[in-house]
Amino acid sequence: SLDTNIQYLIKNELEKALKTFKAKGAASLLMNSHNGEVLSLVSLPDYNINKRVDLRDKTLMNKITKGVFELGSIFKTFTVALAIEKNLVTPETIISNIPRKIKCSVHQISDIKQFPKDLSVEDILIRSSNIGTLILAQKVGEQKYKKFIRETNLLSTPEFQLEELGTPLSFKWNKCKLETISYGHGIAVTPLQAAATYATLSNGGNLIKPTIVKKNISAKKKIISSKTSEEINSILRKVVTEKEGTASLANIYGYDVGGKTGTSQKYGKEKENLNTFISVFPSQNPKYVL
């Protein structure tokens, strides 16, 4: 299913970004969101596969399939989708009196910047509020969230036609786990699985399996309703188009991109971040996830 032209173009963009951001590595996955066919998969830095005997450097691993990362705020989309799917809220529902900080077990959770104390559900995702998302997760509850993670295989080793596969880190559902997972902290998965879950949420709710073999299998298992999927696509578009959205740089004319940004800190290295953007397009009826 790989397209060498797209592969070439994306690799060029990533190489430019490595220089721009003085980054240690970069990776990208472009996938058909209806059948899981992978059109491009790039991980940098790369190497000459004919001279790999002495390779030991972890930065050379396939970050999309093998890398297991805390992906941050991209998880907020899952929380919002669940709250809407369970009829607990609509995108327009106002969550009132959102506190600046919340004490959760031994942790103090806050937002990076100051938001209005009343936000609609869609604004919580558009502006990327940790506290707002946490409140929605508490409405959803631990059992429903666990079921979603199980159904989307987010914590399983991915099934894929490459040997280089990572296994998400296991954890205990102790105090505050639901709250931190709601905004993407304390849960580490492969970018491959995160993208597959976005494909599922944006394609009408049908679970897909990523593949590099062309075989046009239509998805059968439904995770969320088509209505919820449409509402999520609409909100993801606003993340890109609205003034308060976190992804305005992705507003490329003619592509109708929707998506969500994510940032997380590297363990033990406070000055190093992992930055993520998962997008779907065209947002009215997404055909691709990137």
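All residue numbers refer to positions counted from 1 along the written sequence of the respective chain. Per-residue local features are limited, in this predicted model, to residues with pLDDT of at least 70; the limit for side-chain atom pairs, both in listing and counting, is 80 or more; totals at the level of whole chains, interfaces and linings are taken over all residues. The side-chain quantities take in all heavy atoms of the structure and omit both hydrogens and water.

**Brief notes about the packing of helix H2 (residues 76–85) against helix H8 (residues 226–241)**
Phase 1: In the contact formed by H2 and H8, the axes pass within 10 Å of each other and the chain directions differ by 140°. Between H2 and H8, the angle falls in the class oblique. H2 and H8 meet at a crossing whose hand is right-handed. Contacts from Thr77, Val80, Ala81, Ile84 and Glu85 in H2 reach Thr228, Glu231, Ile232, Ile235 and Leu236 in H8.
Phase 2: In this classification, Asp, Glu, Lys and Arg are treated as charged, Ala, Val, Leu, Ile, Met, Phe, Trp, Tyr, Cys and Pro as nonpolar, and every other residue, Gly included, as polar. Its residues assigned to classes, the contact of H2 with H8 shows six nonpolar, two polar and two charged. In this description, a line fitted to the C-alpha atoms serves as the axis of each element, helices being fitted only across the stretch in contact, and the angle between N-to-C directions of two axes falls anywhere from 0 to 180 degrees. Secondary structure elements follow DSSP: runs of H or I no shorter than four residues count as helices, runs of E no shorter than two count as strands, and numbering proceeds from the N terminus. Oblique is the label for any angle not under 35 degrees, not over 145, and not in the 65 to 115 range, which are roughly parallel, roughly antiparallel and roughly perpendicular in turn. What makes a crossing left-handed is the near helix being turned counterclockwise from the far one by less than a right angle; a clockwise turn instead makes it right-handed. Residue contacts follow a heavy-atom distance rule, with two residues in contact if any of their heavy atoms lie within 4.5 Å.

**Comments concerning helix H4 (residues 130–140)**
At 3.6 residues per turn, the α-helix brings residues three or four places apart onto the same side.
Phase 1: We call a residue buried when its accessible area falls under 20% of the maximum for its residue type, exposed when it is over 50%, and partly exposed in between, using a 1.4 Å probe and counting protein chains only. The element H4 is largely enclosed, with a buried count of nine among its eleven residues.
Phase 2: Within the span of H4, buried status applies to Asn130, Ile131, Gly132, Thr133, Leu134, Ile135, Leu136, Ala137 and Val140.
Phase 3: Regarding H4, its N-cap is Ser129, as a side-chain oxygen of that residue lies 3.5 Å from the backbone nitrogen of Ile131 further along.
Phase 4: Gly141 sits one or two residues past H4 and shows a positive phi near 90°. In protein, a polar contact means a hydrogen-donor-capable atom and an acceptor-capable atom, both N or O and within 3.5 Å, with residues adjacent in sequence counting only if both atoms are side-chain atoms; elsewhere, any N or O pair within 3.5 Å suffices.

**Focus on the pattern of salt bridges**
Phase 1: Between Lys or Arg on one side and Asp or Glu on the other, a salt bridge is scored when a side-chain nitrogen of the former is within 4 Å of a carboxyl oxygen of the latter. In total, this model carries 13 salt bridges according to the counting rule given.
Phase 2: Among the salt bridges present, the one from Glu244 reaches Lys243, with a minimum N-O distance of 4.0 Å.
Phase 3: Since its relative accessible area comes to 36%, Glu244 is described here as partly exposed.
Phase 4: Given a relative accessible area of 79%, Lys243 falls into the exposed group.
Phase 5: One network of salt bridges, with partners in common, ties together Lys11, Glu15 and Asp46.

**Considering the sheet that holds strand E2 (residues 38–44)**
Phase 1: Following DSSP output, two strands are said to pair if at least two bridges run between them. Ordered in space as E2-E1-E11-E10-E9, the five strands form an open sheet in which the pairing is antiparallel. Only two strands of the sheet have a single partner each, and these edge strands are E2 and strand E9 (258–266).
Phase 2: When strand E10 (residues 269–281) meets strand E11 (residues 288–289), the two strands line up antiparallel, connected through two bridges. Note that in E11 the partner of Val280 across the bridge is Val289.

**Remarks on the state of the cysteines**
Phase 1: Throughout, a disulfide means two cysteine sulfur atoms within 2.5 Å of one another. Taken as a whole and judged by the stated rule, the model has one disulfide.
Phase 2: Covalent S-S linkage joins Cys104 and Cys176, the inter-sulfur distance amounting to 1.9 Å. Placement of the pair is Cys104 in strand E5 (residues 101–104) and Cys176 in the loop between helix H5 (142–151) and helix H6 (177–182), with a sequence separation of 72 residues.

**Looking at the environment of Ser248**
Phase 1: Take Ser248: it is sitting in the loop between H8 and E9.
Phase 2: Given a relative accessible area of 47%, Ser248 falls into the partly exposed group.
Phase 3: Sequence spacing of Ser248 and Lys238 is ten residues, and the spatial spacing of their C-alpha atoms is 9.1 Å.

**A few points about the layout of surface pockets**
Phase 1: Here the second largest pocket is characterised by a volume of approximately 650 Å³.
Phase 2: Detection works on a 1 Å grid of protein atoms alone, calling trapped sets that fit a 1.4 Å probe cavities and calling open sets with protein on both sides within 12 Å along at least five of seven lines pockets, with lining residues defined by an atom within 4 Å of a point. Surrounding the second largest pocket, 29 residues form its lining, Ile112, Asn130, Tyr183, His185 and Thr263 being those nearest its centre.
Phase 3: When residues of the lining of the second largest pocket are traced back to their parent elements, those giving at least two are strand E6 (107–110), H6 and E9.
Phase 4: Broken down by element, the residue count for the lining of the second largest pocket peaks at six residues, all from E9. Grid points are joined across faces, edges and corners, and a volume is the space filled by probe spheres set on the points.

**Some details on unusual backbone geometry**
Most peptide bonds take the trans configuration, and most residues that are not glycine carry a negative phi.
Phase 1: For the bond from Leu44 to Pro45, the omega torsion is 0°, close enough to zero to count as cis.
Phase 2: Its location among the elements puts Pro45 in the loop between E2 and strand E3 (69–70).
Phase 3: A cis amide bond links Phe281 with the next residue in sequence, Pro282, at an omega value of -15°.
Phase 4: Within the secondary structure, Pro282 is located in the loop between E10 and E11.
Phase 5: You will see that Asn87, though not glycine, has its phi angle at about 60°, which is positive.
Phase 6: Tracing the backbone shows Asn87 in the loop between H2 and strand E4 (94–95).
Phase 7: On the basis of relative accessible area, Asn87 is assigned to the exposed category, the value being 70%.
Phase 8: Of note in this structure, Cys176 is not a glycine but carries a positive phi near 80°.
Phase 9: Overall, Cys176 belongs to the buried group, its relative accessible area being 8%.

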